[in-house]
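Understanding the architecture of this molecule
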Amino acid sequence: MAYSSPYLYFVILYVLVYYVNAFNLYTSPADVGNKSYDFVIVGGGTAGCVLAARLTEDPGVRVLVVEAGGDNHDPDALNTTIPFLAPTLANSAVTWNFTTTPQQELQNRSVAFERGHVLGGSSSVNVLAYQRGSDEVYDRWARVVEDDGWAWKNVRRYYLRNSRIVPPADGHSITGQFIPSAHGNGPVQVSFDNRHDVSNDFVLGAAKMATDTHKFRLDLNAGNFTGTSFLQSSIGSGIRSSSATAYLDPLRIGRENLDVLIGTRATKLISSKTKGKSPSIEGVELGQTKGSACVSVMTKKEVILSAGVIGTPMILQLSGIGPAAQLKQLGISTLVDIPDVGSNLMDQPFAALYWFVNSSQTWDEYLRNTTIEAEDLEEWKTKHQGLLAGASAGSVSYVRLPSNASIFKTVPDPSAGLESAHVEMLYTNGFSRLGLIPFPDKGNFMTVEHVVVSPTSRGSVRLNSSDPFAAPIIDPNYLSSEFDRFAMMAGIRSTFDFLKLPAFKGFIGEPLVDLQLDSGSDATLLGYIRNNTVTVNHGCGTARMSPVGADWGVLDPNLKVKKVNGLRVVDASSIVLIPETHIQAPTYIIAEKAADMIKSDYRLR
Ligand SMILES: Cc1cc2nc3c(=O)[nH]c(=O)nc-3n(C[C@H](O)[C@H](O)[C@H](O)COP(=O)(O)OP(=O)(O)OC[C@H]3O[C@@H](n4cnc5c(N)ncnc54)[C@H](O)[C@@H]3O)c2cc1C
Ligand SMILES: *[C@@H]1O[C@H](CO)[C@@H](O)[C@H](O)[C@H]1NC(C)=O
Ligand SMILES: *[C@@H]1O[C@H](CO)[C@@H](O)[C@H](O)[C@H]1NC(C)=O
Ligand SMILES: *[C@@H]1O[C@H](CO)[C@@H](O)[C@H](O)[C@H]1NC(C)=O
Ligand SMILES: *[C@@H]1O[C@H](CO)[C@@H](O)[C@H](O)[C@H]1NC(C)=O
Ligand SMILES: *[C@@H]1O[C@H](CO)[C@@H](O)[C@H](O)[C@H]1NC(C)=O
Ligand SMILES: *[C@@H]1O[C@H](CO)[C@@H](O)[C@H](O)[C@H]1NC(C)=O
Ligand SMILES: *[C@@H]1O[C@H](CO)[C@@H](O)[C@H](O)[C@H]1NC(C)=O
Ligand SMILES: *[C@@H]1O[C@H](CO)[C@@H](O)[C@H](O)[C@H]1NC(C)=O
Ligand SMILES: *[C@@H]1O[C@H](CO)[C@@H](O)[C@H](O)[C@H]1NC(C)=O
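Predicted model, so just to flag it, every value in this text is computed and none were measured.

**Here's the deal with helix 3 (residues 135-145)**
- Turning to helix 3, its buried residues number three or more, namely E136, V137, Y138, R140, W141, A142 and V145.
- Looking at the buried positions of helix 3, the neighbouring elements they touch are helix 4 (152-162) and helix 13 (584-601).
- Following helix 3 by one or two positions, E146 has its phi on the positive side, about 55°.

Laid out in structure tokens, this is it:
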């Protein structure tokens, strides 16, 4: 009887397919040591998982992904799947726990510099905002690197290939909340605030009455990137949609030409040098702890570095690809002198401000009352519904400084164009957990998180020692430019103006901190900013692209490392100018385009 059950048949089929064809998940470098691969991808993060999935679509290609962190299905990683818990993932098993050097413009504070340390990388731990920025972002990249392939009209298809809009967890109709023709049909699921948060209702209501900077725009993922709108987030059915869930998990059935090695770091590139020729990269050294046995894997085609804004410049420098003078000081012999490796670190500073609100419909009681916290967690675990099924922010403004702002007398406009912003405001329906001010015992809040999205400060990532397991020296130089300080102050002032609109009457109360804006002095405002600025974690640019033949930059526009053969960088470190937005969608676009370029170079399917 049992043998005729269709259910049992299905189970047997599933087990067969799963164990026969699934990609191979390894935990020890010894498992891959004597194998040879067409491509080794270093870093199973946001970009790395895209490449793994796309390159192995050709069954004739063998790919190894090496990821320092663990499996996204480990019990340790469960909270990465719960959208609302994103801000609680800092300094946990799934992050790298980096901090910056003391930041001079932030009262010499060191700031946490989070990165994902798990399959999916930072897309598994980020706060889920999914935005590609304006068309101008890509058109400017194309101009700066002198390659039209990066222009929006040519990368649009990669955006469409990456994501799709899905209904929010509560199932409410999203007709009229976005422009369907601007969106694609890719594996990353994107949805809207699923709770109808009261703060978002007020923000969007006010935006619909606003006439200038904060005016309502239907869909920020449709080309123009200023104004106020619903925040689109990488969430599907109340669960985080990451590079690991969207690109890698489907291959757990049926992708035998892919090997994934977790818990292992690439420590150094293996190179060979023939006199008179550029050196060739031929493989990677792998290790699990300082001093542990080191295993080599060789490549037939390329090593691809997708280790992110910190990992990628570290591996390059450890392999002798970087600023020769600095490498020498560390006792690393130079393979090729590329001064820009590790420089040009760009990131966006972040400062949260809080207002008391006249409503009990905020999440503040969740933060205070462990009974409510446990109930909400249970609701997510049983139904993937409720508070935890959504991101923290549900609405957002992207604002330009006025063209007559005094800063523009001395500083050129750093934004990509008139449809790109200088400052972003994210609105959350309760006290944000991303700032530094302690949560008060009483009161309901709306938080406005301010981000300078077109910063001009630049920093660096340097090795502190030749030990690949030692933390690097990360100095983003936050707020070191006059523009960045000016923009943060102007953005905060514009929020105060926005919140004075009649639509907020009866809802918005006093700010938690009095910044004495009417005093005619910026002193308190700037003091608050210096005390409270952290990062929105959009670091990029430490292995930036530049035109072919340029005397600056690290990569050619095809993402190949200059002056060597067999090595590409595909991740956020390749970004030449920081987009005026959150950078996971731009990173996905880079990865999808890279996959296409690589397939075309080697005539893969
Ligand atoms: C806390 C946080 C919040 C963020 N919020 C948002 C947001 O809301 N919206 C948004 O768009 N963007 C956000 N970002 C930024 C965005 O997620 C990242 O910029 C983007 O995901 C970076 O992708 P990547 O491929 O460059 O690197 P990553 O995704 O970080 O991948 C790099 C991978 O390489 C691995 N690795 C590093 N070194 C080695 C090594 N030596 N050997 C093997 N593996 C290695 C890492 O463990 C990691 O898995 C956030 C980032 C963080 C950290
Ligand atoms: C996950 O989050 C819950 C609720 O905040 C917390 O109690 C638990 O300790 C977290 N688990 C891990 C593995 O961090
Ligand atoms: C980050 O810190 C957490 C908590 O201490 C730890 O479990 C984790 O292993 C650390 N991450 C790394 C990469 O060391
Ligand atoms: C920060 O450190 C620098 C160098 O050590 C010092 O000159 C400066 O006074 C410090 N600033 C503050 C606000 O402490
Ligand atoms: C985008 O901005 C351009 C230039 O300001 C304008 O012509 C166009 O109509 C805008 N498109 C949308 C969809 O708002
Ligand atoms: C916490 O919430 C529960 C459930 O709503 C409620 O019964 C309880 O009184 C609250 N506790 C406190 C201290 O407010
Ligand atoms: C900029 O122009 C606006 C109106 O056009 C005016 O109200 C404002 O005072 C001007 N600001 C500066 C700094 O000149
Ligand atoms: C760099 O190394 C020195 C000496 O070992 C150490 O004191 C310092 O803390 C390290 N810096 C970082 C950023 O880890
Ligand atoms: C608070 O909101 C209620 C209705 O929601 C309103 O009647 C009341 O006037 C508001 N209070 C203040 C101080 O605005
Ligand atoms: C900033 O921090 C300093 C030192 O902790 C404190 O004295 C000052 O009042 C703070 N300023 C503001 C505006 O928060």
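Moving on from the model shown.
**Details of the packing of aromatic side chains**
- For the structure shown, the criterion picks out 23 aromatic pairs.
- Measuring from centroid to centroid gives 5.4 Å for W96 and F98, while their planes differ by 10°, and the two rings are stacked.
- By relative accessible area, which is 10% here, F98 ends up buried.
- An aromatic cluster of at least three residues, connected via ring pairs, comprises Y130, Y138, W141, W150, W152 and Y159.
- Above the ring of W152, the side-chain terminus of R132 is found at 3.6 Å from the ring centroid.
- Residue placement shows K593 over the ring face of W150; its charged tip is 4.8 Å from the ring centre.

**Points about the site of ligand 3**
- Taken together, N91, S92, A93, T95, W96, N97 and H117 are the residues near ligand 3.
- The contact in question runs from a nitrogen atom of ligand 3 to an N or O atom on the backbone of T95, over 2.9 Å.
- One nitrogen or oxygen atom from the side chain of N97 is found 2.3 Å from an oxygen atom belonging to ligand 3.
- For ligand 3, whose unbound accessible area comes to 360 Å², protein coverage reaches 51%.
- Taken together, the residues of the shell around ligand 3 sort by class into two nonpolar, five polar and no charged.

**Notes on empty space enclosed by the protein**
- Here the structure, examined in full by the defined rule, presents three cavities of 30 Å³ or more.
- In this structure, the largest cavity spans a volume of roughly 90 Å³.
- Taken together, 14 residues make up the lining of the largest cavity; nearest its centre are F192, D193, I235, G390 and A391.
- Residue composition of the lining of the largest cavity, grouped by class: seven nonpolar, five polar and two charged.
- A volume near 50 Å³ is recorded for the second largest cavity.

**Thoughts on the domain arrangement of the chain**
- Split by domain assignment, the chain resolves into domain 1 (24-97 + 111-167 + 242-345 + 540-605) and domain 2 (193-230 + 349-454 + 479-532).
- On a C-alpha basis, the centres of domain 1 and domain 2 stand 32 Å from each other.
- The partner domain 2 presents 33 residues to the 26 residues of domain 1 that form the contact.
- Carbon and sulfur atoms make up 58% of the area that domain 1 and domain 2 hide from each other, which totals about 2,200 Å².
- Interface area lost by domain 1 to domain 2 is led by F84, E136 and E580, which between them contribute 34%.

**Brief notes about the nonpolar core**
- Formed by 93 residues in total, the largest nonpolar core has its most connected members in W150, L316, I321 and L567.
- Here this core takes nine residues from helix 13, the largest share from any one element.
- Contact partners of I321, with chain neighbours within four places excluded, come to L269, I281, L316, L327, L335, V336, I338, V341, V561, V564 and L567.

**Here's the deal with the UniProt feature "domain: Glucose-methanol-choline oxidoreductase C-terminal" (unreviewed entry) in the chain**
- Per the UniProt entry, the sites bearing "domain: Glucose-methanol-choline oxidoreductase C-terminal" (unreviewed entry) are residues 455-591 in this numbering.
- A helix fraction of 26% and a strand fraction of 11% characterise residues 455-591, whose end C-alpha atoms lie 24 Å from each other.

**Things to note about unusual backbone geometry**
- The backbone of Q107 shows a phi angle near 60°, a positive value even though the residue is not glycine.
- For Q107, the position within the fold is in the loop between strand 4 (98-99) and strand 5 (112-113).
- One non-glycine residue with positive phi stands out, namely H384, at about 55°.
- As for its placement among the helices and strands, H384 is situated in the loop between helix 10 (370-383) and strand 18 (393-399).
- Take H384: its relative accessible area is 27%, and that puts it in the partly exposed class.

**What to know about the layout of surface pockets**
- In this structure, the second largest pocket spans a volume of roughly 350 Å³.
- The wall of the second largest pocket is formed by 15 residues, among which F496, K500, P511, L517 and D518 lie closest to the centre.
- Only helix 11 (482-499) and strand 23 (508-511) provide two or more residues apiece to the lining of the second largest pocket.
- Classifying every residue of the lining of the second largest pocket gives seven nonpolar, two polar and six charged.

**Some remarks on the pairing of strand 3 (residues 63-66)**
- Where burial is concerned, the two faces of strand 3 agree: the one with V63 and V65 and the one with L64 and V66 are both buried.
- The sheet contact formed by strand 2 (residues 36-42) and strand 3 spans four bridges and is parallel. Note on strand 3: the bridge partner recorded for V40 is L64.
- Assessed by its sense of winding, the connection that carries the chain from strand 2 through helix 2 (residues 46-55) to strand 3 is right-handed.
- The sheet contact formed by strand 3 and strand 11 (residues 258-261) spans four bridges and is parallel. Paired with V65 across the bridge in strand 11 is V260.

The rules behind the values
- Residues numbered from 1 in each chain as written.
- Chains lettered and ligands numbered in written order.
- Predicted model: local features only at pLDDT ≥ 70, side-chain atom pairs only at ≥ 80, totals over all residues.
- Heavy atoms only, no water.
- Buried < 20%, exposed > 50% of the residue type's maximum accessible area, 1.4 Å probe, protein only.
- Helix = DSSP H or I, 4+ residues; strand = E, 2+ residues; numbered from the N terminus.
- Contact = heavy atoms within 4.5 Å.
- Phe/Tyr/Trp six-rings, centres within 6.5 Å; stacked < 30°, edge-to-face > 60°.
- Lys NZ or Arg CZ within 6 Å of the ring centre and 35° of its normal.
- Near = heavy atom within 4 Å.
- Polar contact = N/O pair within 3.5 Å; in protein donor to acceptor, adjacent residues only side chain to side chain.
- Areas by Shrake-Rupley, 256 points an atom, 1.4 Å probe, with all protein chains shown as cover.
- Nonpolar A, V, L, I, M, F, W, Y, C, P; charged D, E, K, R; others polar.
- 1 Å grid on protein atoms, 1.4 Å probe; cavity = no way out; pocket = protein on both sides within 12 Å on 5 of 7 lines; lining within 4 Å.
- Points joined across faces, edges and corners; volume = space filled by probe spheres on them.
- Domains from an automatic or database assignment.
- Buried area = accessible area lost by both parts, 1.4 Å probe.
- Core = buried A, V, L, I, M, F, W, Y, C linked by side-chain atoms within 4.5 Å.
- UniProt positions renumbered as here; feature names shortened; annotations may be inferred.
- Pairing = 2+ DSSP bridges.
- Right-handed = clockwise from strand over helix to strand, strands pointing away.

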